[in-house]
Amino acid sequence: MARYEAIKEIMDNIEDELVVCNIGYTSRELYEINDRSKNFYMLGSMGLASSIGLGLAIAKPHEKVVVIDGDGSLLMNMSSLVTIFANNPSNLTWILINNGAYGSDDKQNTYSKSVDFVNIAKSIGFKNIHYYDEIDLKEIINSDDASFIVYNTDAGNSDVAQIDLDPITIKERFIKSI
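Cut-off values and rules
Residues numbered from 1 in each chain as written. Predicted model: local features only at pLDDT ≥ 70, side-chain atom pairs only at ≥ 80, totals over all residues. Heavy atoms only, no water. Core = buried A, V, L, I, M, F, W, Y, C linked by side-chain atoms within 4.5 Å. Buried < 20%, exposed > 50% of the residue type's maximum accessible area, 1.4 Å probe, protein only. Helix = DSSP H or I, 4+ residues; strand = E, 2+ residues; numbered from the N terminus. Contact = heavy atoms within 4.5 Å. Polar contact = N/O pair within 3.5 Å; in protein donor to acceptor, adjacent residues only side chain to side chain. Salt bridge = Lys/Arg side-chain N within 4 Å of Asp/Glu carboxyl O. Pairing = 2+ DSSP bridges. Axes fitted to C-alpha atoms, helices over the stretch in contact; angles between N-to-C directions. Parallel < 35°, antiparallel > 145°, perpendicular 65-115°, else oblique. Left-handed = near helix turned anticlockwise from the far one by under 90°. Nonpolar A, V, L, I, M, F, W, Y, C, P; charged D, E, K, R; others polar.

**Student:** I'm lost on the nonpolar core in this one. Help?
**Tutor:** The nonpolar side chains of soluble globular proteins are, as a tendency, buried together. Core analysis: the largest hydrophobic core is formed by 48 residues, its most contacted members being I10, F126, F148 and Y151. With 5 residues, the top contributor of residues to this core is strand β4 (residues 92–98). Apart from residues lying up to four places away in sequence, F148 is in contact with L74, L81, W94, L96, F117, A121, F126, N128, I129 and H130.

**Student:** Would you mind showing me how to read the side chain of S80 here?
**Tutor:** By the element assignment, S80 lies in helix α5 (residues 79–87). For S80, a relative accessible area of 4% corresponds to the buried category. A polar contact of 3.2 Å, which involves the side chain of S80, links it to the side chain of S50. Contact partners of S80, with chain neighbours within four places excluded, come to S50, S51, L74 and W94.

**Student:** So what exactly am I meant to see when it comes to the pattern of salt bridges here?
**Tutor:** Oppositely charged side chains are able to pair whenever their charged atoms sit close together. The full count for this structure, using the stated rule, is 5 salt bridges. Across the pair K138 and E15 runs a salt bridge, and its minimum N-O distance is 2.8 Å. Residue K138 is found in helix α7 (residues 137–141), and its partner E15 is found in the loop between α1 (3–11) and β1 (18–21); the two are separated by 123 residues along the sequence. Among the ionic pairs, K38 bridges to D16, the shortest N-O distance being 3.0 Å. Residue K38 is located in the loop between α2 (25–34) and β2 (39–41), and its partner D16 is located in the loop between α1 and β1; the two are separated by 22 residues in the primary sequence. Under the relative-accessibility criterion, K38 is labelled buried at 12%.

**Student:** How should the pairing of strand β3 (residues 65–70) be read in this particular structure?
**Tutor:** Along a regular strand, successive side chains alternate from one face of the sheet to the other. Counting buried positions over the 6 residues of β3 gives 6, a clear majority of the element. Residues V65, V67 and D69 line one face of β3 and the alternating positions V66, I68 and G70 line the opposite face, and both faces are buried. Pairing between β1 and β3: 4 bridges, direction parallel. Paired with C21 across the two strands is I68, which belongs to β3. Two elements, β3 and β4, share 6 bridges in a ladder whose sense is parallel. In the strand pairing of β4, V66 is matched with T93.

**Student:** Sorry if this is basic, but what is going on with the packing of helix α3 (residues 49–59) against α5 here?
**Tutor:** Describing two packed helices takes the angle between their axes plus the distance from one axis to the other. Two numbers describe how α3 lies on α5: the axes approach to 10 Å, and their chain directions differ by 15°. Classified by the angle between their axes, α3 and α5 sit roughly parallel to one another. The hand of the α3/α5 crossing is left-handed. Residue-level inspection shows S50, S51, L54 and I58 of α3 in contact with α5, the latter providing S80, T83, I84 and N87. The class makeup of the residues in the contact of α3 with α5 is 3 nonpolar, 5 polar and no charged.

**Student:** Just to check I follow, could you spell out the sheet that holds β3 for this structure?
**Tutor:** Pairing between the strands of a sheet comes from backbone hydrogen bonds, and it takes one of two forms, parallel or antiparallel. Across the sheet, which stays open at both edges, the 6 strands sit in the order β2-β1-β3-β4-β6-β5 with parallel pairing between neighbours. The two strands at the open ends of the sheet, each matched to only one other strand, are β2 and β5 (128–131). Taken pair by pair, the neighbouring strands of this sheet meet at an average axis angle of 15°, ignoring direction. Pairing of β4 with strand β6 (residues 147–152) involves 6 bridges; the strand directions are parallel. Looking across to β6, one finds that I97 is bridged to Y151. Across the sheet, helix α8 (residues 167–177) touches β1 and β2, and the angle it forms with β2 is around 155°.

**Student:** Just to check I follow, could you spell out the side chain of T110 for this structure?
**Tutor:** Tracing the backbone shows T110 in the loop between β4 and α6 (117–124). Among the polar contacts made by the side chain of T110, one reaches the side chain of D71 at a distance of 2.6 Å. Setting aside residues up to four positions removed in sequence, T110 forms contacts with D71, G72, L75, G100, A101 and Y102.

Here it is in structure tokens:
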């Protein structure tokens, strides 16, 4: 499965949730698949989609928050696993797309092929941890614990255009939607 297909599958299960998306091609693919005001596209700040998602989940406890993240970004901010577990926001679903490469340059591999993110999340204490092919995503989003889901995908970027919204527009329309 390519990352583009994984994002399409994820968005087929999204209704009114707030979505925070990782930088680069991941955001560009999401923008092409299903642009909406409740999507927050990261245009920088690698490794911080999960932290922004946690802040939203805490600030908006009655809103469901879905983070679409990448393996390179998680490796850059591994402490977010501990921080999110410690806060355990029941309204947060963190989806890791593990393609073994930095998405903005699919020629540079990450070290994620030798990392078992599911076991790391389990060792921290997460209870609601799954691989995408063994779950009903809607059910996981509506569960009562912070959730961590891993999509293992092939490396590679889709031929998608740049996001034609500037950062201020992205921020303002997102804030207005929440």
